[in-house]
Amino acid sequence: MGLEERSELHSKNRSHQTLTICLHVFSDLTYVSPVVFLYLLKECYVHGSCKATKKFRALQQQVYQVLCNSPQPGPSTFIIQCLHVLPIFGLYSEGFSHLLVSALRRFLKLNPPSEDTIQAKVLAAQLFIEIVEGSISHDERIGVKILESFDVKLTDIEEAMCRFKAQNSTSFDTAKTFVEQYILGLVESEAYVTAVDLLEHFSIRQSGQSFLLKMLQNKQSKAAEKWATFMGKPMLCVLVQEYFNRNMLKHAHETIKKNNLKEEFPDVYHKCQKSSLKMLAEKALWDLAEAKTNGDRQLIEYLVYLAMEASYTEKVDELVDRYSLQGFLKGNELEASLPHGRYLEFNEIVVGDIVWVDEVHALNDATCCIEGCKVVGLDCEWKPNYVKGSKPNKVSIMQIASDKMVFIFDLIKLFGDVPCILDNCLTRILQSPRILKLGYNFQCDIRQLAQSYGELKCFKHYEMLLDIQHLFKETRGGLSGLAKELLGAGLNKTRRNSNWEERPLSRNQLEYAALDAAVLVHMFHHIGNHPNLAAVSDGHEKIEWKSCIVSHTDKPKKKKQGPKSKKEPDVIN
């Protein structure tokens, strides 16, 4: 065995031996000093093979088990002694401090107070003084955690100060003055969150409105809200007014709602609510906006005005009827009163009509018709889900448009009635190498389709897909923005988050869905003269859009025989 091999083997054995010693020591700390314990803890961390977060959790569990084994001295005292010496471990100090304190907090939650806890509180107070004085180097946040974990009060600080005076011949004022001076230093260094934590922990209420304003000026709204909540209703009112004055309406609204200040700020509350409704309306989240009104008539009327501005006539009718509102135009009267020419209309783009496909004969006819087209536009819609963290709803409809007509496939019904025929028909379309399929971010839609209908094979493989947005250097405003650049008018997107599972869909919903697919074909025929194209070959005006066509398959590709075999590219030139 060579020298290098023996050295490597020795290193591995030493590493293995260290880890074994660490695990053994963790089971009993009776004869282990805090320094040795921390050294072994560091060795476990250094030699661990997991990622940092997993290692932290694993070591936290180990420390917790140690505390459950009643180490000598007691668990709380042992942790305090570890925190005293931890700064000598340099870079590991801050992380291990959080690790030790979090393990102790977990232990104290499940175990009743003991004599050890009382003794450790005095040591914790003394450690805090040493941190403030700078004799022990710990991050200020660790100091706060120590105070909170050991429930250290001003009386405990006072007792520790008496001991500190006797040992160091140092003169202190009262514990409150000592703490306040430290907090003042934190404020001057703009460590507002820590300062507020200490003020709250020690129930010190001397700081006033100027302190609140200073935090807001430094964009420390989290600390300002915590401080105002601690100080009570008058300070919360000051905070709301300041938010309103600074046009921070979202923060003002949340503070009013959280602290039940609606009666104190009725006008501010309604203005905040209106701002929130406008944001939701701009995102076409009309159902969510309606739910946010909580039946407030003033807010509902404002929502109706937003729907009128967006030319969402059926939403206006729906709200007027549901809430028995008076004085609003309805139906044709409203449509006639609205300015025209702002958005593309369906009959401007499509010569033919919309064909609804929800049974087998219509499905077969639509497939045959689409197979005769050279270029089609693809899009799909599904009902929005407003529950955070929940799975999105199934894709409800899929639109396939030629330059003459648009087919809208009712995927939910067809999948329930004739899944095999649906799979076969869509496979013939999506996997056809003779049909150019146009989409706008359709690869995202195809993933959603595959998740919604995992049993179908048609969504696992597609060929000849061209994403229109990839032909341009910059695209702003989504499909509507691109349509405005190319065709001179955008798309009205107010209906994009409507209920696509209701049957029958309204004529407006059908036209909206159809237009999203049909406009892709129309734009494709108008891309030649646009100056913002990305797919232009150097020194030529010819558009090399074919290089942007993509295909995808989940099927494993067979290896070709021979040394010159190459993997087929995903991009078709």
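Heads up: these notes are all about the structure in this document. Chains are numbered independently. Their residues run from 1 in the order of the written sequence. Local features in a predicted model are, by the rule used here, given only for residues with pLDDT of at least 70; side-chain atom pairs are given and counted only at 80 or more, and totals for whole chains, interfaces and linings are based on all residues. The side-chain quantities take in all heavy atoms of the structure and omit both hydrogens and water.

1. Overview of the overall build of the protein
Short version of the rule: Counting from the N terminus, the helices are DSSP H or I runs at least four residues long and the strands are E runs at least two residues long. Working definition: with a 1.4 Å probe on protein chains only, accessible area under 20% of the residue-type maximum means buried, over 50% means exposed, and in between means partly exposed. What makes two residues a contact is simply this: any of their non-hydrogen atoms within 4.5 Å. Here the Shrake-Rupley method, with its probe set to 1.4 Å, supplies the accessible areas, and only the displayed protein chains count as covering residues.
Tallying secondary structure elements over the protein gives 26 helices and 7 strands in all. Buried positions account for 46% of the 573 residues belonging to the protein. Sequence separation of 24 or more characterises 67% of the internal contacts of the protein that already satisfy a separation of 6 or more. As displayed, the protein offers around 30,800 Å² of accessible surface, 51% of which is attributable to carbon and sulfur atoms.

2. Digging into the packing of aromatic side chains
Two numbers describe a pair of aromatic rings. These are the distance of the centres and the angle of the planes. Put simply, the test is: Only centres within 6.5 Å qualify two rings of Phe, Tyr or Trp (six-membered ring in Trp) as a pair; their planes then separate them into stacked at under 30 degrees, edge-to-face at over 60, and tilted for everything else. Look at NZ for Lys and CZ for Arg. If either is within 6 Å of the ring centre and within 35 degrees of the ring normal, a charge sits over the ring.
For the coordinates displayed, the defined rule picks out 12 aromatic pairs. Measuring from ring centre to ring centre gives 6.0 Å for Y45 and F96, while their planes differ by 85 degrees; the resulting arrangement is edge-to-face. Of this pair, Y45 sits in helix α2 (residues 34–47) while F96 sits in helix α5 (residues 93–110); the two residues are 51 residues apart in sequence, bridging distant segments of the chain. Classification of Y45 by relative accessible area gives partly exposed; the value is 24%. An angle of 50 degrees between the planes, with centres 6.4 Å apart, marks the rings of Y192 and F211 as tilted. Here F211 lies in helix α11 (residues 209–217) and Y192 lies in helix α10 (residues 192–201), a separation of 19 residues in the sequence. Judged by relative accessible area, which is 2%, Y192 ranks as buried. With relative accessibility at 7%, the residue F211 sits in the buried group. Ring pairs connect the aromatic residues Y192, F211, W227 and F230, which therefore count as one cluster. Just above the ring of Y45 sits the side chain of K55; from NZ or CZ to the centre is 4.3 Å.

3. Remarks on the packing of helix α9 (residues 175–188) against α10
The line we're drawing: To obtain an axis, a line is fitted to C-alpha atoms, over the contacting stretch when the element is a helix, and the angle between two such axes runs from 0 to 180 degrees between their N-to-C directions. By the definition adopted for this analysis, an angle is roughly parallel if under 35 degrees, roughly antiparallel if over 145, roughly perpendicular if from 65 to 115, and oblique otherwise. The sense of a crossing depends on the near helix, which, turned anticlockwise from the far helix by less than a right angle, makes the crossing left-handed and, turned clockwise, makes it right-handed. Any residue that is not Ala, Val, Leu, Ile, Met, Phe, Trp, Tyr, Cys, Pro, Asp, Glu, Lys or Arg is counted as polar, Gly included; the first ten are nonpolar and the last four charged.
Between α9 and α10, the least distance of the axes is 8 Å, while the angle of their chain directions is 155 degrees. It follows that α9 is roughly antiparallel to α10 by the angle criterion. Where α9 crosses over α10, the handedness of that crossing is left-handed. Mapping the contact onto sequence places Y182, I183, L186 and V187 in α9 and Y192, T194, A195, L198 and L199 in α10. Broken down by class, the residue content of the contact of α9 with α10 amounts to 8 nonpolar, 1 polar and no charged.

4. Re the side chain of D445
Threshold: The convention is simple: Lys and Arg are positive, Asp and Glu are negative, and His and the chain ends are not counted. One speaks of a salt bridge when a side-chain nitrogen belonging to Lys or Arg is within 4 Å of a carboxyl oxygen belonging to Asp or Glu.
By the element assignment, D445 lies in helix α24 (residues 442–452). For D445, which is buried and forms no salt bridge, the nearest opposite charge comes from R447, at a distance of 8.3 Å. For D445, the residues in contact, after removing those within four places along its chain, are D379, C380 and W382.

5. Brief notes about the environment of Q65
The residue Q65 is located in helix α3 (residues 52–68) in this model. With 42 residues separating them along the chain, Q65 and F107 place their C-alpha atoms 8.9 Å apart.

6. Details of the pattern of salt bridges
All told, the structure shown has 21 salt bridges when counted by the stated rule. Linking D197 and K226 is a salt bridge whose minimum nitrogen-to-oxygen distance equals 2.4 Å. Of this pair, D197 sits in helix α10 while K226 is found in helix α12 (residues 221–231), placing the two residues 29 residues apart along the sequence. A relative accessible area of 35% places K226 in the partly exposed class. For R297, the salt bridge goes to E301, with nearest N and O atoms at 3.6 Å.

7. A few points about the state of the cysteines
Formally: Sulfur atoms of two cysteines make up a disulfide when they are within 2.5 Å.
What the rule picks out here adds up to 0 disulfides. C373 forms no disulfide, and the closest cysteine sulfur to it belongs to C369, at a distance of 5.3 Å.

8. Some details on the nonpolar core
Applicable threshold: Buried Ala, Val, Leu, Ile, Met, Phe, Trp, Tyr and Cys residues that are joined via side-chain atoms within 4.5 Å together make up what is termed a nonpolar core.
Counting residues in each nonpolar core, the largest one holds 80 residues, and the members touching the most others are L100 and I157. Counting residues per element, this core draws most heavily on helix α6 (residues 115–133), which supplies 8 residues. Each residue touching L100, except ones within four places of it in the same chain, is listed here: F37, L38, L41, V63, I79, C82, L83 and L86. Within the second largest apolar cluster, 41 residues are counted, among which are L479, A483, A517 and M523.

9. Examining the pairing of strand β2 (residues 375–382)
Sheet faces and side chains relate simply in a regular strand, where the side chains alternate between the two faces. The condition is simple: In this analysis, strands are considered paired if DSSP registers two or more bridges between them.
Here β2 lies mainly inside the structure; 7 of its 8 residues are buried. In this sheet, strand β5 (residues 436–439) lies alongside β2 in parallel orientation, the contact comprising 3 bridges. The residue bridging V375 from the neighbouring strand is L436, located in β5. Strand direction decides the pairing type here: β2 and strand β3 (residues 395–401), joined by 6 bridges, are antiparallel. Among the inter-strand pairings, E381 is bridged to a residue of β3, identified as I397.

10. Let's talk about unusual backbone geometry
Put simply, R503 and P504 share a cis peptide bond, and its omega is 0 degrees. Counting through the fold element by element, P504 comes out in the loop between α25 (478–487) and α26 (507–524). The phi dihedral of N294 is positive, around 55 degrees, even though this residue is not glycine. Here N294 lies in the loop between α16 (286–293) and α17 (297–309). Positive phi values are uncommon outside glycine, yet S324 reaches one of about 50 degrees. Tracing the backbone shows S324 in the loop between α18 (313–322) and α19 (331–337).

11. Topic: the environment of V63
With respect to the element layout, V63 can be found in helix α3. Sequence-wise, V63 and L41 are 22 residues apart; in three dimensions their C-alpha atoms are separated by 9.0 Å. In contact with V63, not counting residues within four places along its chain, are F37, L41, I79, L99, L100 and A103.

12. Notes on the packing of helix α13 (residues 233–245) against helix α14 (residues 249–258)
Two elements in contact, α13 and α14, have axes whose closest approach is 8 Å; the angle formed by their N-to-C orientations is 155 degrees. Classed by the angle they form, the pair α13 and α14 counts as roughly antiparallel. Every pair of crossing elements has a handedness; the one defined by α13 and α14 is left-handed. Facing α13, whose interface residues are L236, L239, V240, Y243 and F244, α14 presents L249, H251, A252, T255 and I256. Grouping the constituent residues of the contact of α13 with α14 by class yields 8 nonpolar, 2 polar and no charged.

Distances and angles like these do not, on their own, reveal function.
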